[in-house]
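Structural description and commentary
In case you want the letters, here they are:
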Amino acid sequence: MMILRGFILSLLLLPAVQAAEVPRAAWDDYDQAGDLARLAGNESESMRFQLLLSRLREREALWLPFADALEAFGQARYERLRPLVLERSVSELQQAVAAGRMTYTELATFYLYRIRAIETDPERYLNALIALDPTLLDQARAADWQRARGRVVASDSLFGMPVLLKDNIGAAGMPTTAGAVALRDNLAGDAFITARLRESGALILGKANLSEWAYFFCEDCPSGYSAQGGQTLNPYGRLQFGTGGSSSGSGAGVAASLAAVAVGTETSGSILSPASANSVVGLKPTTGALSRSGIVPISATLDTPGPLTRTVHDAVILFNAMAGFDTADTAMPLISDSLRLVYRQADITDWRLGALVQFLDNPLYEEALGLLSGAGSVIAEVMTPAVDTEGFGRLLGAEMVRDLALYLQQHGAGNLPIDSIASLRRFNEQDPALRAPYGQELVEMMDGLQLSEAEVEALRQRLQDAARQALDRLFVDNDLDVLLSINNRSAALAALANYPALTVPMGYEEDGRPMGLTLIAPSFAEQRLIDLGARFEALSQARRPPLSYQ
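Model, not experiment: these values are computed from the prediction.

Observations regarding the overall build of the chain
Along the chain, the regular secondary structure elements total 20 helices and 13 strands. Buried positions account for 61% of the 550 residues belonging to the chain. Considering only contacts within the chain whose residues lie at least 6 apart along the sequence, 77% involve residues at least 24 apart. Here the chain displays about 20300 Å² of accessible surface, and carbon together with sulfur accounts for 50% of that area. A gap of 5 Å separates the mean positions of the 46 positive and 65 negative side-chain charges of the chain.

Regarding the nonpolar core
The biggest cluster of nonpolar side chains holds 183 residues, and the ones touching the most others in it are Leu-158, Leu-197, Trp-213, Tyr-365 and Leu-484. The element best represented in this core is helix α6 (residues 104–119), accounting for 9 residues. Apart from residues lying up to four places away in sequence, Leu-197 is in contact with Leu-158, Val-163, Leu-165, Ala-202, Ile-204, Val-263, Leu-318, Ala-321 and Met-322.

Details of the packing of aromatic side chains
Here the structure, examined in full by the defined rule, presents 12 aromatic pairs. Ring geometry for Tyr-78 versus Phe-110: centroids 4.6 Å apart, planes at 5°, classification stacked. Separated by 32 residues along the polypeptide, Tyr-78 in helix α4 (residues 67–85) and Phe-110 in helix α6 bring together distant segments of the chain. Ring centres 5.2 Å apart and planes at 70° place the aromatic pair Tyr-225 and Tyr-438 in the edge-to-face group. In this pair, Tyr-225 is assigned in strand β4 (residues 225–226) and Tyr-438 in the loop between α16 (432–435) and α17 (441–447), connecting sequence segments 213 residues apart. For the pair Tyr-225 and Tyr-438, a shared accessibility class is recorded, and that class is buried.

Here we look at the sheet that holds strand β6 (residues 261–266)
Hydrogen bonds along the backbone pair up the strands of a sheet, which may run parallel or antiparallel. Overall, mixed pairing links the 11 strands, which are arranged β1-β3-β2-β6-β8-β7-β12-β13-β11-β9-β10 in an open sheet. Each end of this open sheet is capped by a strand with a single partner; those strands are β1 (129–132) and β10 (378–382). Each neighbouring strand pair of the sheet contributes to a mean axis angle of 30°, computed without reference to strand direction. Direction of pairing for strand β2 (residues 162–166) relative to β6: parallel, over a ladder of 3 bridges. Pairing of Leu-165 across the sheet is with Val-263, part of β6. The strands touched by helix α10 (residues 248–255) are β2, β3 (203–208), β6 and β8 (304–309); relative to β6, the strand with the most contacts, the crossing angle is about 155°. This element, helix α12 (residues 312–322), spans β6, β7 (281–284), β8 and β12 (501–508) of the sheet and lies at about 145° to β8.

Details of the pairing of strand β9 (residues 352–356)
Counted residue by residue, β9 has 4 buried out of 5 residues, so it is predominantly covered. The pairing of β9 with β10 spans 5 bridges and is parallel. Bridge pairing in β10 links Leu-356 to Val-382.

Observations concerning the confidence of the model for the chain
Across the chain, the average pLDDT comes to 94, with 95% of residues at or above 70. A low-confidence stretch, residues 1–20 stays under pLDDT 50, and its non-local contacts, those more than four residues away or across chains, total 37 contacts.

What to know about helix α20 (residues 526–540)
Counted at 1.5 Å a residue, the expected span for α20 with its 15 residues is 21 Å, and the 21 Å between its end C-alpha atoms agrees. Of all the 15 residues making up α20, 11 are buried; the element is thus mostly covered by neighbouring parts of the structure. Among the residues of α20, Glu-526, Gln-527, Leu-529, Ile-530, Asp-531, Leu-532, Gly-533, Ala-534, Phe-536, Glu-537 and Ser-540 are the ones counted as buried. Just downstream of α20 lies Gln-541, where phi reads positive at about 45°.

Points about unusual backbone geometry
Residues Gly-245 and Ser-246 are joined by a peptide bond in cis, for which omega reads 10°. Considering the arrangement of structural elements, one finds Ser-246 in the loop between β5 (230–231) and α10. Positive phi outside glycine occurs at Ala-178, with the angle close to 55°. As for its position among the elements, Ala-178 is in the loop between β2 and α8 (192–200). For Ala-178, a relative accessible area of 1% gives the class buried.

Concerning the environment of Ser-200
Take Ser-200: it is sitting in helix α8. Apart from the residues within four sequence positions on either side, Ser-200 is in contact with Arg-151, Ser-157, Leu-158, Phe-159 and Ala-321. Within polar-contact distance, the side chain of Ser-200 engages the backbone nitrogen of Ala-202 at 3.5 Å.

Quick notes on the state of the cysteines
Two cysteines, two sulfur atoms, one covalent bond between them: this is a disulfide. The full count for this structure, using the stated rule, is 1 disulfide. One disulfide bridge connects Cys-218 with Cys-221, the sulfur atoms lying 1.8 Å from each other. The disulfide joining Cys-218 to Cys-221 has a torsion of about 105° about its S-S bond and is therefore right-handed. On the accessibility criterion, Cys-218 (7% relative accessible area) is buried.

About the criteria used
Residues numbered from 1 in each chain as written. Predicted model: local features only at pLDDT ≥ 70, side-chain atom pairs only at ≥ 80, totals over all residues. Heavy atoms only, no water. Helix = DSSP H or I, 4+ residues; strand = E, 2+ residues; numbered from the N terminus. Buried < 20%, exposed > 50% of the residue type's maximum accessible area, 1.4 Å probe, protein only. Contact = heavy atoms within 4.5 Å. Areas by Shrake-Rupley, 256 points an atom, 1.4 Å probe, with all protein chains shown as cover. Lys, Arg positive; Asp, Glu negative; His and termini not counted. Charge placed at Lys NZ, Arg CZ, Asp CG, Glu CD. Core = buried A, V, L, I, M, F, W, Y, C linked by side-chain atoms within 4.5 Å. Phe/Tyr/Trp six-rings, centres within 6.5 Å; stacked < 30°, edge-to-face > 60°. Pairing = 2+ DSSP bridges. Axes fitted to C-alpha atoms, helices over the stretch in contact; angles between N-to-C directions. pLDDT = per-residue confidence, 0-100. Expected span 1.5 Å × (residues − 1). Polar contact = N/O pair within 3.5 Å; in protein donor to acceptor, adjacent residues only side chain to side chain. Disulfide = S-S within 2.5 Å.

If you want it as structure tokens, here you go:
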């Protein structure tokens, strides 16, 4: 408990860092060699990056479409709007617009101005984005026009809110790259969830950086790296902590207030990991709760999109805006059409919560259990069930071989240099220094797989049955409502069992590293996670914004 309180006290005693626009010359003089040299001595091997910046694009190209608007906006207006926007929830942003304190166009321009300021600052850049939607301000002006003509907007609506999409999610007008050179010209259309967001009136801000190919690409590459976006950095410790992955840019971008909310995707840990690493809320829904159509895949069995936000309420708002039944996604049951979450402060008296014994010596976990117990919940100590996951990587590989080829056929642009995993391997081998600087061992593994459809199905069934039976038994035998874990430590088990999970900021270690409390419940029990997550968030009030991004 003292670790958390001591770190929070240190946060409160330090002055807020003022964000100012950085002169272009400061970025022009930046040389990543110095930072890479310092990282070479990092005690964590995963932080010894070989590259920081993308070799594929000039950073200035991101904001060229907005040059005139940003010059007219200026630092003075940015400072005026800062208290209305930074760390504000969707409801608070909507209230500010409703009160006439700002417009949706000003809100969108604020984010653009902030993104440019941070991403051209050698001391603060995060490489959180790959692309900005050139139509963003047109979208915002249209939202203002509708509101001025009487459109009623609820405080829990995404109407007019800038949303950042992980760059494996299709959005018309921007390439959908999955971070890869091979997809740099993949001008695919809207994914199903993107179309749903547009229908809700949300503004598509741009594309977030990610671990290339959703981190199913290379064995020893750092999480958060892609050829398109470079190395995503953590706002709580840029060259100190990893961002988690693969939805690294979504997590870092929301943590640093570069967007109102962001969308990530998960196969096994790719929302939970960056959410916990960047001290934000991450919801990994049941596969089948949200559509995957138009999203670059790994596994049709396990893939799902989900929200990354600063609050549980915002996660509910974003989830509801994406929800809907997609006839093209065979993983979706009919209940998906009416599946909606409700934000509320539920009574958790007598809820039985499973506390994993291997984490009981963690002070932050211990404090979280104390808060929930104090609110009336019953804490039951349980052991993580033993599950044989041998073959998990081969299952993901076999499904990606099948599902990527299908995506490229159904959604890919017509001029792409690849149509399969085999052609991806050959494409990268033509220029490995640019296209696969950390190697492509998992692509090579996939290209060498010799599994029949029947063998893949048998492997899937064995792994899923084992995980589901183990978690079902754990919940039944202990009469559990929710299982409590840390960060993404139980992600693979939850993924294979198709149990949804919600990560909520839990606090910070002595060195400032964020930690998340991860809640796990049976399939389609997302509302149970939201109820407990909202209650824990209110009890703990653990999240603090990163100091250098206030």
